[in-house]
Amino acid sequence: MKKFFVSAALILMSLCFVENISARNFGVVGGANFHTYNESQTLAQWHAGLVYKVNLPIGFQIQPTLLYNVKAATTDLAPVDLSVGYLELMASCQWGVDLILFRPFVEVSPFIGYGLNGNGSLRELWSSKGDKLEYGVGLGGGLQIWRFQINARYNWNFGNVLPRIDSEGLFDKENLDCVTLSLAYFF
C-alpha cells in the first residue's frame, strides 16, 4: 500500500511539471547588487540572466535562474579593488498567495557560481592561490504583477573567495555578501 501512495504522488508531481513545461514560463532577469564591505563605502554592481518559472500546488514556485553576476569588494588599507564576474546557477523556492492582480511571495534561493573574470588585481591573486568557486543562499521576498516580478534578497556567500586570496588580512569579511534588487519579465 505504501508503494502505491508513493507511486501516485510521483505521477501527480510529474503531471504538474509536464503542464508547467508546456506553459513556457521563460523570462529574463536583471538588477543591481549592493555590497557593503566596510562601514564607509557601499559598492553597486549588476546582474543579468535567464529564468524559468515552475508553478507548483498550494502557492509554491521553483525558479531556476542562470545569471552573470558581478560582485565587488574594496579596502581603504591598500590599493586593492576586487570586481568579480560570476556565472551563477540559482534555484529559488518561492511561496506566495495569488491575489488575482498580484502575488506577494517569500523566497529561499540556494546558489552556486564560478568566477569567470575579474579586474587586474584579482587575476594575479587567482592565478596564485584564489578559489573561483562560490556557493551560498539568499533569503528575500517580492511581488509578482502580471508578467513582471520584483524582488529583494540578501545573499550569504559561504564560499571562501577572499580569505584564500587575501594573505595580508586586508579584508574584514570572509566573502562577498550582498543585497540584490531584481526585476524579471516572463514571456
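As the structure is a computational prediction, the values presented were derived from the model and not from experiment.

Cut-offs applied
- Residues numbered from 1 in each chain as written.
- Predicted model: local features only at pLDDT ≥ 70, side-chain atom pairs only at ≥ 80, totals over all residues.
- Heavy atoms only, no water.
- Helix = DSSP H or I, 4+ residues; strand = E, 2+ residues; numbered from the N terminus.
- Buried < 20%, exposed > 50% of the residue type's maximum accessible area, 1.4 Å probe, protein only.
- Areas by Shrake-Rupley, 256 points an atom, 1.4 Å probe, with all protein chains shown as cover.
- Phe/Tyr/Trp six-rings, centres within 6.5 Å; stacked < 30°, edge-to-face > 60°.
- Lys NZ or Arg CZ within 6 Å of the ring centre and 35° of its normal.
- Pairing = 2+ DSSP bridges.
- Core = buried A, V, L, I, M, F, W, Y, C linked by side-chain atoms within 4.5 Å.
- Contact = heavy atoms within 4.5 Å.
- Salt bridge = Lys/Arg side-chain N within 4 Å of Asp/Glu carboxyl O.

## Brief notes about the overall build of the chain
A count of helices and strands for the chain gives two helices and nine strands. Reading the chain from its N terminus to its C terminus gives the helix and strand order α-β-β-β-β-β-β-α-β-β-β. By the burial criterion, 39% of the 187 residues in the chain qualify as buried. Accessible surface computed for the chain: about 10500 Å², of which carbon and sulfur atoms make up 69%.

## Looking at the environment of T42
Position of T42 among the secondary structure elements: in strand β2 (residues 41-52). The class of T42 is partly exposed, set by a relative accessible area of 48%. Residues T42 and C178, 136 residues apart in the sequence, show an inter-C-alpha distance of 9.8 Å.

## Quick look at the packing of aromatic side chains
Following the criterion strictly, the structure yields six aromatic pairs and no others. Measuring from ring centre to ring centre gives 4.6 Å for F26 and Y52, while their planes differ by 55°; the resulting arrangement is tilted. Here F26 is found in strand β1 (residues 26-38), whereas its partner Y52 is found in strand β2, with 26 residues between them in sequence. Between Y185 and F187 the ring centres are 5.5 Å apart and the planes differ by 85°, which places this aromatic pair in the edge-to-face class. In this structure F187 comes out as exposed when scored by relative accessible area, which is 56%. One aromatic cluster is present, formed by W146, F148, Y185 and F187 through successive ring pairs. Cation over ring: K53 sits above F186, and NZ or CZ is 4.5 Å from the ring centre. In this structure, K71 packs its charged tip against the face of Y86, placed 5.6 Å from the ring centre.

## Structural notes on the pairing of strand β7 (residues 133-145)
Where β7 meets strand β8 (residues 148-157), ten bridges bridge the pair, whose relative direction is antiparallel. Bridge assignment links V137 to a residue of β8, and that residue is W156. Between the end of β7 and the start of β8, which pair antiparallel, lie two residues, with W146 showing a positive phi angle near 55°.

## Points about the nonpolar core
As a rule of thumb, nonpolar side chains are buried together in soluble globular proteins. Counting seven residues, the largest nonpolar core consists of V29, V51, L67, M90, F111, A184 and F186. Not counting the four nearest positions on each side in its chain, V51 is found in contact with N25, F26, G27, V28, Q63, P64, T65 and F186.

## Let's talk about the pairing of β8
Only one face of β8 is covered, namely the face carrying Q149, N151, R153, N155 and N157; the face carrying F148, I150, A152, Y154 and W156 is uncovered. Relative to strand β9 (residues 178-186), β8 runs antiparallel, the two being bridged by eight bridges. Residue pairing in the sheet places Y154 in a bridge with V179 of β9.

## A short note on the pattern of salt bridges
The final tally for this structure, using the stated rule, is three salt bridges. Ionic pairing is found between K71 and E88, a salt bridge with its closest N-O pair at 3.0 Å. Here K71 is found in strand β4 (residues 60-74), whereas its partner E88 is found in strand β5 (residues 81-96), with 17 residues between them in sequence. Residue K71 is classed as buried on the basis of its relative accessible area, which comes to 2%.

## Overview of the side chain of E88
E88 sits in the buried class, given a relative accessible area of 2%. With near-sequence residues (within four places) excluded, E88 lies in contact with T65, L66, L67, N69, K71, F111, I112, G113 and E134.

Keep in mind these values describe shape, not function.
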